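Each chain, written out:
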Amino acid sequence: RTGVDKFKSKPTFVPRNIKRTLSRMYGGLLLAVAFLPGTVSRLSVLLGAMLTYWYTQHLKPRTWLKNVTCAAVMAMAPLTS
């Protein structure tokens, strides 16, 4: 064997299904935020959700902005907990 998996079928993802699933997940997150105790934790969860959305939609091609976004989400984790 050459180590190449050319006979292995690749999974196919339908973008419409992925977008629908992500939209439902963000909707569920927005509903769950209402049950969090404290204003600071609510704001940090909402800011983290907005940053991850912006990251996937707009910031991925921009290297430094992508790194700052990831660092901000990681820095908010102790604040949220």
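Residues numbered from 1 in each chain as written. Predicted model: local features only at pLDDT ≥ 70, side-chain atom pairs only at ≥ 80, totals over all residues. Heavy atoms only, no water.

Peer 1: Please provide a residue-by-residue account of the packing of helix 1 (residues 15-33) against helix 2 (residues 39-59), values included.
Peer 2: Helices that pack against each other are described as a pair by the angle of their axes relative to one another and the distance between those axes. Interhelical geometry of helix 1 versus helix 2 gives an angle of 170° and a closest axis separation of 10 Å. Here helix 1 lies roughly antiparallel to helix 2, going by the angle between them. In this structure, the crossing between helix 1 and helix 2 has a hand that is left-handed. Of the residues in helix 2, those in contact with Tyr 26, Leu 29, Leu 30 and Val 33 of helix 1 are Arg 42, Val 45, Leu 46, Ala 49, Thr 52 and Tyr 53. Taken together, the residues of the contact of helix 1 with helix 2 sort by class into eight nonpolar, one polar and one charged. (Axes fitted to C-alpha atoms, helices over the stretch in contact; angles between N-to-C directions. Helix = DSSP H or I, 4+ residues; strand = E, 2+ residues; numbered from the N terminus. Parallel < 35°, antiparallel > 145°, perpendicular 65-115°, else oblique. Left-handed = near helix turned anticlockwise from the far one by under 90°. Contact = heavy atoms within 4.5 Å. Nonpolar A, V, L, I, M, F, W, Y, C, P; charged D, E, K, R; others polar.)

Peer 1: So, the side chain of Thr 69: which residues are in play, and what are the values?
Peer 2: Along the chain, Thr 69 turns up in helix 3 (residues 63-80). The class for Thr 69 is buried, based on a relative accessible area of 7%. Ignoring any residue separated from it by four or fewer positions in sequence, one finds Thr 69 in contact with Leu 51, Tyr 55 and Leu 59. (Buried < 20%, exposed > 50% of the residue type's maximum accessible area, 1.4 Å probe, protein only.)

Peer 1: Can you lay out the layout of surface pockets for me, pointing to particular residues and giving the numbers?
Peer 2: One way to see where empty space is left: roll a probe the size of a water molecule over the atoms. Reported here for the largest pocket is a volume of approximately 190 Å³. As for the largest pocket, its lining consists of Lys 19, Leu 22, Ser 23, Tyr 26, Tyr 53, Thr 56 and Gln 57. At the level of elements, helix 1 and helix 2 are the ones that each hand at least two residues to the lining of the largest pocket. For the lining of the largest pocket, the class distribution of residues is three nonpolar, three polar and one charged. (1 Å grid on protein atoms, 1.4 Å probe; cavity = no way out; pocket = protein on both sides within 12 Å on 5 of 7 lines; lining within 4 Å. Points joined across faces, edges and corners; volume = space filled by probe spheres on them.)

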